[in-house]
Amino acid sequence: MNAICVDDEAQVLKYTVSSCQKLQMLDDVRGFTQPREALHWVAANPVDLALLDIDMPDMTGLELAGEIRKLRPHISIIFITAFSQYALSAFDVHPTSYLLKPFDQARLAREVEYALSVRVSKQTAHIMVHTFGHFEILVDGQTLAFRRSKSKELLAYLVDRRGAGVTRQDAFAALWEDRKYDVSMQKQMDVVIRSLRDTLQKYGIGDLFELKNRNLRILPELIDCDMYRFLDGDEDAINAYFGEYMSQYPWAVNTEAQLLLIQRGRQ
């Protein structure tokens, strides 16, 4: 498991990093005094846990947590601060834990162990689908690589439909928006479907996709999807949603708006 620590006070940061490095459950711990440097690191590297000071100049820990959530929706966040009055506002970004300075090694160990156990419990399914933030699909922890971006988008669209069948023409309209569904584009759509099938079969999950009675669909019962769990009322999924849903696809904005309405209604 990989972690980052962010605190604008160098001595405090040094203590936090040193304390984390003593924990056997953490493989790599990086420290940053500049929040934007930490954000760049998270964008380019796998990070499972972020320990963030709240009261920092330029970008607060709350703001940093919000930006990190956009990149890593399922990251665990522990806020570390000397000011207890920040506790209430911290929950807006759904932290896993909240520590007041000064903290001791034993307390830190308990909170980190809990934060990582929560994260691991969400990653145990054979097929995991992440829709909060950017769309990704993983098989036994391995992210699928698609030869064609439109094949990945088609799968995302079928996930969004939650098992409902869609025609080729309807799927085409979502993926290509205003393009005309002529003979040439029908052939292009066939290529996209074949490529999707090939990718899923390559990773041993070909039965996820179904083409029946000229309708395309996925079998939702085969996947663990954050959006599905959100709609089922799963508290962890609700807390993990930070307002962005499959943000690389324009057609996803309708579901994004629905999720926001549901989340606000539950608050």
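Treat the numbers as computed from the prediction; the structure is a model and nothing was measured.

Caption draft 1: A look at the overall build of the chain. For the chain, the helix and strand inventory stands at 11 helices and 12 strands. With respect to the three principal axes, the spread of C-alpha positions in the chain is 65 × 35 × 30 Å. Counting only residues that meet the buried cut, the chain has 47% of its 267 residues in that class. Partitioning the contacts of the chain with sequence separation of at least 6, the portion at a separation of at least 24 is 63%. Carbon and sulfur atoms provide 47% of the accessible area of the chain, an area that totals close to 13500 Å².

Caption draft 2: Expanded view of the sheet that holds strand 4 (residues 76–81). Strand order in the open sheet made by the five strands is 2-1-3-4-5, with parallel pairing throughout. Strands with a single pairing partner mark the edges of an open sheet, and in this sheet they are strand 2 (28–32) and strand 5 (97–100). The sheet shows a mean angle of 15 degrees between the axes of neighbouring strands, direction not considered. Sheet analysis places strand 1 (residues 2–6) next to strand 3 (residues 49–53), joined by four bridges and oriented parallel. When the bridges of strand 3 are listed, V6 appears paired with L52. Along the sheet face, helix 2 (residues 35–44) touches strand 1 and strand 2 and points at about 165 degrees away from the line of strand 1.

Caption draft 3: Representation of the nonpolar core. I137, L154 and L155 are the most contacted members of the largest nonpolar core, which totals 47 residues. Mapped onto this core, the elements with two or more residues apiece are strand 6 (127–130), strand 7 (136–139), helix 6 (149–160), helix 7 (168–176), helix 8 (183–202), strand 11 (215–218), helix 9 (226–231) and helix 10 (235–240). With 19 residues, the next largest nonpolar core counts V6, A50, L52 and M56 among its residues.

Cut-offs applied
- Residues numbered from 1 in each chain as written.
- Predicted model: local features only at pLDDT ≥ 70, side-chain atom pairs only at ≥ 80, totals over all residues.
- Heavy atoms only, no water.
- Helix = DSSP H or I, 4+ residues; strand = E, 2+ residues; numbered from the N terminus.
- Buried < 20%, exposed > 50% of the residue type's maximum accessible area, 1.4 Å probe, protein only.
- Contact = heavy atoms within 4.5 Å.
- Areas by Shrake-Rupley, 256 points an atom, 1.4 Å probe, with all protein chains shown as cover.
- Pairing = 2+ DSSP bridges.
- Axes fitted to C-alpha atoms, helices over the stretch in contact; angles between N-to-C directions.
- Core = buried A, V, L, I, M, F, W, Y, C linked by side-chain atoms within 4.5 Å.

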